[in-house]
Amino acid sequence: GDSVTQMEGPVTLSEEAFLTINCTYTATGYPSLFWYVQYPGEGLQLLLKATKADDKGSNKGFEATYRKETTSFHLEKGSVQVSDSAVYFCALSEWQAGTALIFGKGTTLSVSS
Amino acid sequence: IAGITQAPTSQILAAGRRMTLRCTQDMRHNAMYWYRQDLGLGLRLIHYSNTAGTTGKGEVPDGYSVSRANTDDFPLTLASAVPSQTSVYFCASGSSGAGANVLTFGAGSRLTVL
């Protein structure tokens, strides 16, 4: 079945450092790909998405490119801030109607000043 | 109400008791979902509903039941709670049409079963 694998955390960075969180997926069809973020004590919020190969999703300085050839959707940010400290989830959804999101296990990011 | 409301926010429950977690959305989304979040396991789908009147089983449905009497409400019931059901439960909703299935999540219900 479909699955998402993301890098184990926690990831600890200093403010203004470069961030990469790796995500790869296995899917039978042509999935849409997502990154969700969960701040402490809150639910998940959509950070960005991409619906087809070579699409780049971006939001709040974060970017991820849908790479079909490597089945990857790595999250990047050029300069992290303390306020980016959160848990980040990579997820996929197949194209068919009515399918739920399948999530990776999450990566905790901690940014210190 | 704006988005998804879950209740209760937190609950401590004795094993063997019955518990219903409530979820209400005001976005007229036709699809709704229940996930549980556990450390090291991420989010796992318990049950889902693509439209009012229909429900389906997710990855970890055992010990849980749901109903979808109308578009807005999607309660999750634990008939006889066990300690392994200690978790944070998230309700979500989205449009079930083909395409990028963006979900909106509630703030979660933290359940502890003793």
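Keep in mind that what you see is a predicted model, and the values were worked out from it rather than measured.

**Q** In this structure, what is going on with the overall build of chain B? I would like to understand it.
**A** Summing up its helical and strand segments, chain B has zero helices and eleven strands in all. Its C-alpha atoms give chain B a radius of gyration of 13 Å, near enough to 13 Å, the size a compact globule of 114 residues would have. Principal-axis analysis of the C-alpha atoms places the extent of chain B at approximately 40 × 25 × 25 Å. For chain B, the proportion of its 114 residues judged to be buried stands at 49%.

**Q** Looking at this structure, how should I read the sheet that holds strand 3 (residues 19-25) of chain B?
**A** Within a sheet, each strand pairs with its neighbour through backbone hydrogen bonds, oriented either parallel or antiparallel. Residues and elements named next belong to chain B. Strand order in the open sheet formed by four strands is 1-3-8-7, with antiparallel pairing between adjacent strands. Both outer strands of the open sheet, strand 1 (4-7) and strand 7 (64-66), are each paired with one neighbouring strand and no more. Pairs of neighbouring strands in the sheet enclose a mean axial angle of 15°, with direction left out of account. Both strand 7 and strand 8 (residues 76-78) contribute to a ladder of three bridges, which runs antiparallel. The partner of tyrosine 64 across the bridge, within strand 8, is leucine 78.

**Q** Before we go on, may I ask you to explain the nonpolar core in this structure?
**A** Soluble, globular proteins show a tendency: their nonpolar side chains are buried together. Membership of the largest hydrophobic core comes to 26 residues, with the highest contact counts inside it found for Leu19(A), Trp35(A), Leu47(A), Leu48(A), Phe73(A), Leu75(A) and Tyr88(A). Not counting chain neighbours up to four residues away, the residues in contact with Leu48(A) comprise Leu33(A), Phe34(A), Trp35(A), Gly57(A), Ser58(A), Asn59(A), Phe62(A), Glu63(A), Ala64(A), Phe73(A) and Leu75(A).

**Q** Help me understand the side chain of Gln38(A) in this model?
**A** Locating Gln38(A) in the fold gives a position in strand 5 (residues 32-38). Not counting chain neighbours up to four residues away, the residues in contact with Gln38(A) comprise Gly43(A), Leu44(A), Ala86(A), Val87(A), Phe89(A), Gln37(B) and Phe90(B).

Each value, and the rule that gives it
- Residues numbered from 1 in each chain as written.
- Chains lettered and ligands numbered in written order.
- Predicted model: local features only at pLDDT ≥ 70, side-chain atom pairs only at ≥ 80, totals over all residues.
- Heavy atoms only, no water.
- Helix = DSSP H or I, 4+ residues; strand = E, 2+ residues; numbered from the N terminus.
- Rg over C-alpha atoms; globule rule 2.2 N^0.38 Å.
- Buried < 20%, exposed > 50% of the residue type's maximum accessible area, 1.4 Å probe, protein only.
- Pairing = 2+ DSSP bridges.
- Axes fitted to C-alpha atoms, helices over the stretch in contact; angles between N-to-C directions.
- Core = buried A, V, L, I, M, F, W, Y, C linked by side-chain atoms within 4.5 Å.
- Contact = heavy atoms within 4.5 Å.

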